[in-house]
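Report on the structure
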Amino acid sequence: MFANFVLTSIVGAVVAAAQSIECARNYTVHLGDVCDTISASQNSSTYQLAHVNPNIDEGCTNLALGEPLCLGEVGHDCQDTYVISSGDGCWAISQTFGIGLDILLANNPNVASDCSNIYPNEASFGLADAQTES
Ligand SMILES: *[C@@H]1O[C@H](CO)[C@@H](O)[C@H](O)[C@H]1NC(C)=O
Ligand SMILES: *[C@@H]1O[C@H](CO)[C@@H](O)[C@H](O)[C@H]1NC(C)=O
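Residues numbered from 1 in each chain as written. Chains lettered and ligands numbered in written order. Predicted model: local features only at pLDDT ≥ 70, side-chain atom pairs only at ≥ 80, totals over all residues. Heavy atoms only, no water.

**Thoughts on the overall build of the protein**
Spelled out, the test is: Per the convention used, a helix needs a DSSP run of H or I reaching at least four residues, while a strand needs a run of E reaching at least two, with both numbered from the N terminus. Each residue is placed in one exposure class: buried if its accessible area under a 1.4 Å probe, protein chains only, is under 20% of its type's maximum, exposed if it is over 50%, and partly exposed if it falls in between. Throughout, a contact is declared for two residues whenever any of their heavy atoms are within 4.5 Å. Working definition of accessibility: Shrake-Rupley area with a 1.4 Å probe, residue cover restricted to the visible protein chains.
When you go through the protein residue by residue, the secondary structure sums to five helices and four strands. Each helix and strand of the protein, ordered N terminal to C terminal, gives the series α-β-α-α-β-β-α-α-β. Residue burial in the protein is summarised as follows: out of 134 residues, 36% are buried. Of all intrachain contacts in the protein linking residues separated by at least 6 positions in sequence, the fraction that spans at least 24 positions is 69%. For the protein, the exposed surface amounts to about 7,700 Å²; the carbon and sulfur share of it is 57%.

**Some words on unusual backbone geometry**
Positive phi is not limited to glycine here, since asparagine 43 has a value of about 55°. Mapping asparagine 43 onto the fold places it in the loop between α2 (35-42) and α3 (46-52). A relative accessible area of 34% places asparagine 43 in the partly exposed class. Of note, the phi angle at cysteine 115 is positive, near 60°, even though the residue is not glycine. As for its position among the elements, cysteine 115 is in the loop between α5 (101-107) and β4 (124-126).

**Things to note about the state of the cysteines**
Put simply, the test is: Only a pair of cysteine sulfur atoms within 2.5 Å qualifies as a disulfide here.
Tallying each qualifying case throughout the model produces three disulfides. What pairs with cysteine 35 in a disulfide is cysteine 60, and their sulfur atoms sit 1.9 Å apart. Taking the sign of the torsion about the S-S bond as the criterion, the disulfide between cysteine 35 and cysteine 60, at about 80°, is right-handed. With cysteine 35 in helix α2 and cysteine 60 in the loop between α3 and β2 (68-73), this residue pair connects regions lying 25 residues apart in the sequence. Of the two residues, cysteine 35 and cysteine 60, both sit in the buried class. Across the disulfide from cysteine 90 sits cysteine 115; the S-S distance is 1.9 Å.

**Considerations on the site of ligand 1**
To be explicit about the condition: Nearness is defined per residue: one heavy atom within 4 Å of the molecule or strand is enough. Whenever two N or O atoms come within 3.5 Å, that pair is a polar contact, provided that in protein one can donate a hydrogen and the other can accept it, and provided that, for residues adjacent in sequence, both atoms are side-chain atoms.
If you check the shell around ligand 1, you find Cys23, Ala24 and Asn26 and nothing else. A distance of 2.4 Å is found between an oxygen atom of ligand 1 and a side-chain nitrogen or oxygen belonging to asparagine 26. Taken by itself ligand 1 offers 360 Å² of open surface, and the protein chains cover 27% of this.

**What about the environment of leucine 71?**
Mapped onto the secondary structure, leucine 71 falls in strand β2. A C-alpha to C-alpha distance of 7.6 Å links leucine 71 and glutamine 42, two positions 29 residues apart in sequence. Discounting residues that sit within four places of it in the chain, leucine 71 has contacts with Arg25, Asn26, Tyr27, Ile38, Gln42, Ser44, Gln48, Leu49, Val52 and Asp77.

**Some remarks on the site of ligand 2**
Around ligand 2 sit Ser41, Gln42 and Asn43, and that is every residue in its neighbourhood. Protein burial of ligand 2: of its 360 Å² of free accessible surface, 30% is covered by the chains.

**Here we look at the nonpolar core**
Our working definition: Think of a nonpolar core as a cluster: buried Ala, Val, Leu, Ile, Met, Phe, Trp, Tyr and Cys residues, connected wherever their side-chain atoms sit within 4.5 Å.
Core analysis: the largest hydrophobic core is formed by twelve residues, namely Tyr82, Ile84, Cys90, Ile93, Ile99, Leu104, Leu105, Val111, Cys115, Ile118, Phe125 and Leu127. At the level of secondary structure, the elements contributing two or more residues to this core comprise α4 (90-97) and α5. Here phenylalanine 125 is in contact with Ser45, Asp80, Thr81, Tyr82, Ile84, Cys90, Ile93, Leu104, Asn108, Val111 and Ile118, once residues within four sequence places are set aside. Tyr27, Cys35, Cys60 and Leu69 belong to the second-largest nonpolar core, a separate cluster that totals ten residues.

Structure below.
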């Protein structure tokens, strides 16, 4: 009973927070769009796009044509992104851009600490912290 109540409250708070996000950039879903191509073409990292659109499911299977999406929150909109190429690894990316591996991982909480879950061409990395860059 108590556990259910707490869970409901947390979900309620997340929904309320999502609705209060002020979008710095908006996007309208087009035919054939998937999250990776939107994030790659619009310079909004995979993490940021998911973070500011909590209504999108984990596999990005519920985008609707014409649906309005937020690309970044005012004051926390990192547009400095990198689209992953075949053979890229987190260490090489951190070297290329002169960003510490720990910072790169902190900026992209969706990436596993051993970098085993990045994949080429579509996903994009945030190179600056979406929480601090404006
Ligand atoms: C994004 O869309 C919201 C909701 O329609 C609107 O209030 C806001 O002004 C738009 N932001 C930009 C930057 O166009
Ligand atoms: C994304 O960033 C690149 C490189 O800075 C820029 O050339 C491009 O115009 C940006 N695209 C959008 C949609 O902001």
